[in-house]
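Single-letter residue listing:
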Amino acid sequence: MPRKIIIDTDPGQDDAVAILLALASHELEVLGLTCVAGNVPLDLTVRNARIVCELAGRPDVPVFAGCDRPLSRDLVTAEYVHGKTGLDGITLPDPVMPVQDRHAVDFLIDTLRAEAPGSVTLVPIGPLTNIATAMKRAPDIIDRIAEIVLMGGGCFEGGNVTPAAEFNIYVDPQAADIVFRAGVRLTVMPLDVTHKALTTRPRIEAFRALPGRVGPAVASWTDFFERFDMEKYGSEGAPLHDPCTIAYLLQPDLFRGRHIHVAIETTSELTMGMTVADWWGVTRRAPNTFFVGDLDADAFYSLLTARLARL
Ligand code: RIB
Ligand code: CA
């Protein structure tokens, strides 16, 4: 039986690769994509999600528009990383498939209520505004969520949008605080692991060499996406953040982490959105996340490349 998932997303080139990996994997059933404002404004994340579905030959995947701003803070976007469209690097046709009429938050609530308790996994790879809004509006869904596997935060790697905060958490810290306190089984892919999943040149060329349209499109996206991080970190590629969540669902043994307590800074502007990760257990607070710190990067890219070849 495939594992039922909902991907909550702000595409973003790395979101796009995560969505493609999920759609290429028979172990997963993508019930829908719920879009949120993040890397680019909501209208563009909704457009981009449909572009990715059509690139994968999957116009049947329902795409929902969600929250267009954080719970209480102003929206911060990341065109400086992802480009004006959010999918810069290659120009793909305008999407034809429709956006669903239902709001993404209603889809999350309705689906969690309709599906068997503990049968749906949420995979948030953008700011957590949709997820937190659904939890606030319908607390009964919290116990029905099988697991949340999200990309966000950082510990020893610090932040990527401030010295303390990673983008997804920084954009909506109040939403992240709700999610991290909810008591749901929570697996976190922070910068500590995603910064070890770099798009090196041989890995990008392996994408480009794939038959069909998907591999070359992914290569063009990662060519564009990596320039910012390489300049900033002097690394030999960019961290492919969001696909780590999907790869974890497919092959968890590629990842290593620790059950720890993580709290979200929501008060100080200096450290706003910081994931305060108690890696050494000094607070004695009960663990609330499986916080991932390492992966087998070669195996991750072999899995990703092999699955993209199926599309
Ligand atoms: O900090 C990386 C995260 O922010 C990724 O999800 C990327 O897509 C952006 O949303
Ligand atoms: Ca994202």
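To keep things clear, this report deals only with the structure shown in the data block. Being a predicted model, the structure only gives us computed values, none of them experimental. (Residues numbered from 1 in each chain as written. Chains lettered and ligands numbered in written order. Predicted model: local features only at pLDDT ≥ 70, side-chain atom pairs only at ≥ 80, totals over all residues. Heavy atoms only, no water.)

Our focus in this paragraph is the environment of Thr283. Examined against the element boundaries, Thr283 turns out to sit in the loop between strand E9 (275-277) and strand E10 (289-295). Among the polar contacts listed, one links the side chain of Thr283 to the side chain of Asp278, at a separation of 2.5 Å. (Helix = DSSP H or I, 4+ residues; strand = E, 2+ residues; numbered from the N terminus. Polar contact = N/O pair within 3.5 Å; in protein donor to acceptor, adjacent residues only side chain to side chain.)

Bringing the coordination of the calcium ion (ligand 2) into the picture now. Listed as protein donors to the calcium ion (ligand 2) are Asp10 (OD), Asp15 (OD), Asp15 (OD), Ile125 (O) and Asp242 (OD); their distances from the metal cover 2.2 to 2.6 Å. For the calcium ion (ligand 2), all donor residues lie on one chain, and their spacing in sequence is D-x4-D-x109-I-x116-D. Remark: Asp242 occurs in the loop between helix H10 (214-233) and helix H11 (243-250) and Asp15 occurs in helix H1 (residues 13-23); sequence separation between them is 227 residues. Judged by relative accessible area, Asp15 falls into the buried class, the value being 0%. With a relative accessible area of 2%, Asp242 lands in the buried category. (Donors = N, O, S within 2.8 Å, 3.2 Å for Na, K, Ca; no water. Buried < 20%, exposed > 50% of the residue type's maximum accessible area, 1.4 Å probe, protein only.)

What follows is about the site of ligand 1. The environment of ligand 1 is formed by Asp10, Asp14, Asp15, Asn39, Ile125, Met151, Asn160, Glu166, Phe167, Asn168, His241 and Asp242. Within the side chain of Asp10, an N or O atom sits 3.1 Å from an oxygen atom of ligand 1. Within the side chain of Asp15, an N or O atom sits 2.8 Å from an oxygen atom of ligand 1. Burial of ligand 1 by the protein chains amounts to 97% of its free accessible area of 270 Å². Elements with a minimum of two residues in the shell around ligand 1: H1 and helix H6 (167-171). Across the shell around ligand 1, the residue classes tally to three nonpolar, four polar and five charged. (Near = heavy atom within 4 Å. Areas by Shrake-Rupley, 256 points an atom, 1.4 Å probe, with all protein chains shown as cover. Nonpolar A, V, L, I, M, F, W, Y, C, P; charged D, E, K, R; others polar.)

Let us look at the environment of Pro190. Relative to the helices and strands, Pro190 resides in the loop between strand E6 (186-189) and helix H8 (191-194). A sequence separation of 24 residues divides Pro190 from Glu166, and the C-alpha atoms of the two residues are 8.1 Å apart. If sequence neighbours within four positions are ignored, Pro190 has contacts with Met151, Gly152, Gly153, Gly154, Phe291 and Val292. (Contact = heavy atoms within 4.5 Å.)

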